[in-house]
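Next come the chains, spelled out residue by residue.
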Amino acid sequence: MTLVDELYLFGSYARGALEPHDVDIAVDFHRDERMPQLEVASNFSCPTPHSELRRQLAGRSRGIQFRFDTALRRQLESVGVPVLRLWRRGDSLQHP
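Note that this is a predicted model, so its numbers are computed, not measured.

1. Description of the overall build of the protein chain
Scanning the protein chain from terminus to terminus reveals four helices and four strands. Its helices and strands in sequence order give the protein chain the pattern β-α-β-α-α-β-α-β, from N to C terminus. Out of the 96 residues belonging to the protein chain, those deemed buried represent 31%. In the protein chain, once contacts between residues fewer than 6 apart in sequence are set aside, the share between residues at least 24 apart is 61%.

2. Some words on the sheet that holds strand 2 (residues 23–29)
Strand order in this open sheet of four strands is 3-2-1-4, and the pairing throughout is mixed. Strand pairing shows two members of the sheet lacking a second neighbour, strand 3 (64–67) and strand 4 (84–88), which therefore form its edges. On average, each strand axis in the sheet is inclined to that of its neighbour by 25 degrees, with strand direction left out of account. Strand direction decides the pairing type here: strand 2 and strand 3, joined by four bridges, are parallel.

3. What about the nonpolar core?
Listed in full, the twelve residues of the largest apolar core are Leu3, Val4, Leu7, Ile25, Val27, Phe29, Met35, Leu53, Ile64, Phe66, Phe68 and Trp87. Broken down by secondary-structure element, the contributors of at least two residues to this core are strand 1 (4–10), strand 2 and strand 3. In terms of residue count, strand 2 provides more of this core than any other element does, three residues in total. Counting six residues, the second largest nonpolar core, distinct from the first, contains Tyr8, Phe10, Leu72 and Val83.

4. So, the packing of aromatic side chains
Under the counting rule described, the total for this entry stands at two aromatic pairs. With centroids separated by 6.0 Å and ring planes inclined at 75 degrees, the aromatic side chains of Phe29 and Phe68 adopt a geometry described as edge-to-face. One end of the pair, Phe29, is in strand 2; the other, Phe68, is in the loop between strand 3 and helix 4 (70–78), and 39 residues separate them in sequence. Taken as a pair, Phe29 and Phe68 share a single burial class, namely buried. One cation-aromatic arrangement involves Arg73 over Tyr8; the distance from NZ or CZ to the ring centre is 4.1 Å.

5. Some remarks on the side chain of Asp24
One can find Asp24 in strand 2. Although Asp24 is buried, it forms no salt bridge, and the closest oppositely charged side chain is Arg15 at an N-O distance of 6.4 Å. For Asp24, the contacting residues outside a window of four places in its chain are Tyr8, Leu9, Phe10, Gly11, Ser12 and Gln65.

6. A short note on the pairing of strand 1
Across a regular strand the side chains alternate sides, sitting on one face of the sheet and then on the other. Taken across its seven residues, strand 1 has six buried, putting it largely inside the fold. Here strand 1 runs beside strand 2; their pairing, made up of six bridges, is antiparallel. Among the inter-strand pairings, Leu9 is bridged to a residue of strand 2, identified as Ile25. Bridging between strand 1 and strand 4 involves four bridges; their strand directions are antiparallel. Paired with Leu7 across the two strands is Trp87, which belongs to strand 4.

Parameters and conventions
Residues numbered from 1 in each chain as written. Predicted model: local features only at pLDDT ≥ 70, side-chain atom pairs only at ≥ 80, totals over all residues. Heavy atoms only, no water. Helix = DSSP H or I, 4+ residues; strand = E, 2+ residues; numbered from the N terminus. Buried < 20%, exposed > 50% of the residue type's maximum accessible area, 1.4 Å probe, protein only. Contact = heavy atoms within 4.5 Å. Pairing = 2+ DSSP bridges. Axes fitted to C-alpha atoms, helices over the stretch in contact; angles between N-to-C directions. Core = buried A, V, L, I, M, F, W, Y, C linked by side-chain atoms within 4.5 Å. Phe/Tyr/Trp six-rings, centres within 6.5 Å; stacked < 30°, edge-to-face > 60°. Lys NZ or Arg CZ within 6 Å of the ring centre and 35° of its normal. Lys, Arg positive; Asp, Glu negative; His and termini not counted. Salt bridge = Lys/Arg side-chain N within 4 Å of Asp/Glu carboxyl O.

So this is what it looks like as structure tokens:
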């Protein structure tokens, strides 16, 4: 979680769909010395270099879709797609 800067909700939940199929979350993260290690490890054992970040965020939940692409989130916002910030580095992870 130390690489994650912000989490955003988008898709059917953010639009207020009555029966959403899954939860779509955009993850803004920063690269540090650990990312190359995760990328190398993903070539041998994990499907993507983001697998470890996904595991830390959602455990084994299957109904959550993560997008690790800040440019995509910005593009969605620029065309008016509802994107709601859920969390930002420094915010509490405790429910009020």
